[in-house]
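# Report on the structure
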Amino acid sequence: MRVFFRKINVVGALVSAIKFFVRKNKDRTFRQKVYALLHATPYSGPLHRYIDQLIIWSVLVSVVCIVLETVPGIHAIFKYEFEVLEIATFSLFAVEYLARAYASCESPHYSHPVKGRLKYLVSIPALIDLVSILPYFLGLLLNQFMDTRFLRIFRLTRLLKVTRYTGTLNTLLKAIQREKRVLFASAFMMLLLVVLTASLGYELEHDAQPDKFNTIPDAMYWAVITLASVGYGDISPITPLGRAMTVIISLIGIGIFAIPAGLMASAFTDQLRIDRETFENEFRDVLARGQISHTDRNALNAEAERLHLTEQDVNRIMERVKHEMTVKGHLGLGHLNAQQLLEKYRQEVSSLRSLVQSDDFQEAEALIHDTGRTTPSERAVLEALRK
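Residues numbered from 1 in each chain as written. Predicted model: local features only at pLDDT ≥ 70, side-chain atom pairs only at ≥ 80, totals over all residues. Heavy atoms only, no water.

### A closer look at a nonpolar patch on the surface
- Residues L134, F137, L138, L140 and L141 make up a contiguous nonpolar surface patch of roughly 470 Å² in combined accessible area.
- Mapped onto the secondary structure, L134 falls in helix α8 (residues 124–142).
- L134 sits in the partly exposed class, given a relative accessible area of 37%. (Patch = residues over 30% accessible without salt bridge, like charges linked within 9 Å, V, L, I, M, F, W, Y side chains within 5 Å. Areas by Shrake-Rupley, 256 points an atom, 1.4 Å probe, with all protein chains shown as cover. Salt bridge = Lys/Arg side-chain N within 4 Å of Asp/Glu carboxyl O. Helix = DSSP H or I, 4+ residues; strand = E, 2+ residues; numbered from the N terminus. Buried < 20%, exposed > 50% of the residue type's maximum accessible area, 1.4 Å probe, protein only.)

In structure tokens, the structure reads:
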């Protein structure tokens, strides 16, 4: 039982994180401390993750409250609680917005004190933060002049704040960027098909249903829901040619409208694979440089978190990379069988014997006898080959 309570000792973990943060940032400026609280840096420690989790949970609680406010029975009972939670979450988001704008010039992308902050304020993450708090201000200003319930939909944009704490959106954007030409061609084909279908529907059904197929733009609604294979039934052809065309168009739409979904699924999977291979290569580079520093470890942890890799996934990747590098480091030969290793050994011995018996060996002898460059066993092998 004590072990269980020790694991859920949130206050103790928070106090420990604060102490670690204070110790790591003892000689740093206030702006650097604020930046470390809001961004993953070698000076952040666990406290940065706790703040991220607080913001994420605040976003989720705020959105749930906004949704439940639309239920008259719930709103009548918890009206005061909803107002308190809205003020609390708004205050948190406002402080976060100001803190991020203040500390933004610590980032290399926004290093200039004035221009850097202005550049940050017009960035997508900053605009999302602004939109998440702006409806509350507008509600206070316009509440006496008009019905401000329409601002509720803008408060729901707070969900976009969560995209800062996940790499899924970045992966999706990369996938779209990679396949943009194919997606554009697919979109063009769908648009062309919609226009042609609406035009045919108008020509075949206008005389029979002038109220539903009055114009080609009116027929586009029917064309879209038919091609998308949903067919609400509120508009449907009644002429024999119109129905025959609908059957053909519906079958074509199943294939045409499924292309973008298939492309995005494939591109997203490929991008995840590329990102994970990049993570493996980054880990190889870190190992090749020698001992993993605290900064390298934080960077790898941040990248693993962005790729949604579990601790088991990361450990498995690291063990595989270490094994590959160990094998290559000891053998330098890849995966060779015993016969190939023996033949390679003979070739290397022959090369070394030719070296020690040549006239050029005198130039390399000083390097070989340098105790800082060769081991005693290596020097013994060369001396044996020289005899």
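After presenting the structure, the write-up continues.
### Regarding the packing of helix α11 (residues 180–205) against helix α13 (residues 240–256)
- Packing of α11 against α13 leaves a shortest axis separation of 10 Å and a crossing angle of 170°. Classed by the angle they form, the pair α11 and α13 counts as roughly antiparallel. On the side of α11, the interface is formed by S186, M190, L193, T197, L200, G201, L204 and E205, while α13 contributes L241, G242, M245, I249, I252 and I256.
- When the residues that make up the contact of α11 with α13 are grouped by side-chain class, the tally is nine nonpolar, four polar and one charged. (Axes fitted to C-alpha atoms, helices over the stretch in contact; angles between N-to-C directions. Parallel < 35°, antiparallel > 145°, perpendicular 65-115°, else oblique. Contact = heavy atoms within 4.5 Å. Nonpolar A, V, L, I, M, F, W, Y, C, P; charged D, E, K, R; others polar.)

### Concerning the pattern of salt bridges
- Inspection of every chain in the model, using the stated rule, returns five salt bridges.
- Notably, a salt bridge pairs E106 with R31, separated by 2.7 Å at the nearest N-O pair. Highlighted residues: E106 in the loop between α6 (79–103) and α7 (115–121) and R31 in helix α3 (residues 30–38), separated in sequence by 75 residues.
- Among the residues examined, E106 registers a relative accessible area of 24% and is labelled partly exposed.

### Topic: α6
- Taking 1.5 Å per residue as the helical rise, α6 with its 25 residues ought to reach 36 Å, and the 36 Å between its terminal C-alpha atoms agrees with that figure.
- Those residues of α6 not exposed but buried are F82, E86, T89, F90, F93, A94, E96, Y97, A99, R100, A101 and A103.
- Against the buried residues of α6 lie α3, α4 (46–68), α5 (72–77), α7, α8 and α9 (152–155). (Expected span 1.5 Å × (residues − 1).)

### What about the nonpolar core?
- Formed by 13 residues in total, the largest nonpolar core has its most connected members in F213, W222, A223 and L227.
- Once you skip the residues sitting within four places of it in the chain, A223 turns out to touch V194, T197 and A198. (Core = buried A, V, L, I, M, F, W, Y, C linked by side-chain atoms within 4.5 Å.)

### Let's talk about the confidence of the model for the protein
- Scored by pLDDT, the protein comes out at a mean of 76, with 72% of its residues at no less than 70.
- No element of the protein has a lower mean pLDDT than helix α1 (residues 2–7), which averages 45, and none a higher one than α6, which averages 90. (pLDDT = per-residue confidence, 0-100.)

### Some thoughts on the side chain of S123
- Relative to the helices and strands, S123 resides in the loop between α7 and α8.
- A distance of 2.5 Å separates the side chain of S123 from the backbone oxygen of Y120, its partner in a polar contact. (Polar contact = N/O pair within 3.5 Å; in protein donor to acceptor, adjacent residues only side chain to side chain.)

### A short note on the side chain of S58
- With respect to the helices and strands, S58 occurs in helix α4.
- The exposure class assigned to S58 is buried, which follows from its relative accessible area of 11%.
- There is a polar contact of 2.7 Å between the side chain of S58 and the backbone oxygen of L54.
- Sequence-distant contacts of S58, defined by excluding residues within four places in its chain, comprise T89, L92 and F93.

### A few points about the environment of Y120
- On the secondary structure map, Y120 appears in helix α7.
- The exposure class of Y120 is buried, given its relative accessible area of 8%.
- Those residues within four positions of Y120 in sequence are excluded, and the remaining contacts are R100, A101, S104, Y110, A126, D129 and R164.

### Quick word on the packing of aromatic side chains
- Inspection of the entire model under this criterion finds four aromatic pairs.
- For the pair F78 and F82, a centre-to-centre distance of 6.4 Å together with 55° between the ring planes defines the contact as tilted. (Phe/Tyr/Trp six-rings, centres within 6.5 Å; stacked < 30°, edge-to-face > 60°.)

### Describing α11
- For α11, which comprises 26 residues, the first-to-last C-alpha distance of 37 Å matches the rise-based estimate of 38 Å (1.5 Å per residue) to within 8%.
- For α11, the complete set of buried residues consists of L183, S186, M190, L193, V194, T197, A198, G201 and E205.

### Comments concerning the packing of α6 against α8
- Their axes nearest at 10 Å, the elements α6 and α8 cross at an angle of 140°. Between α6 and α8, the angle falls in the class oblique. In the crossing of α6 with α8, the sense of the turn from one axis to the other is left-handed. On the side of α6, the interface is formed by E86, I87, F90, F93, A94, Y97 and R100, while α8 contributes A126, D129, L130, S132, I133, Y136 and F137.
- Of the residues in the contact of α6 with α8, the class split is 10 nonpolar, one polar and three charged. (Left-handed = near helix turned anticlockwise from the far one by under 90°.)

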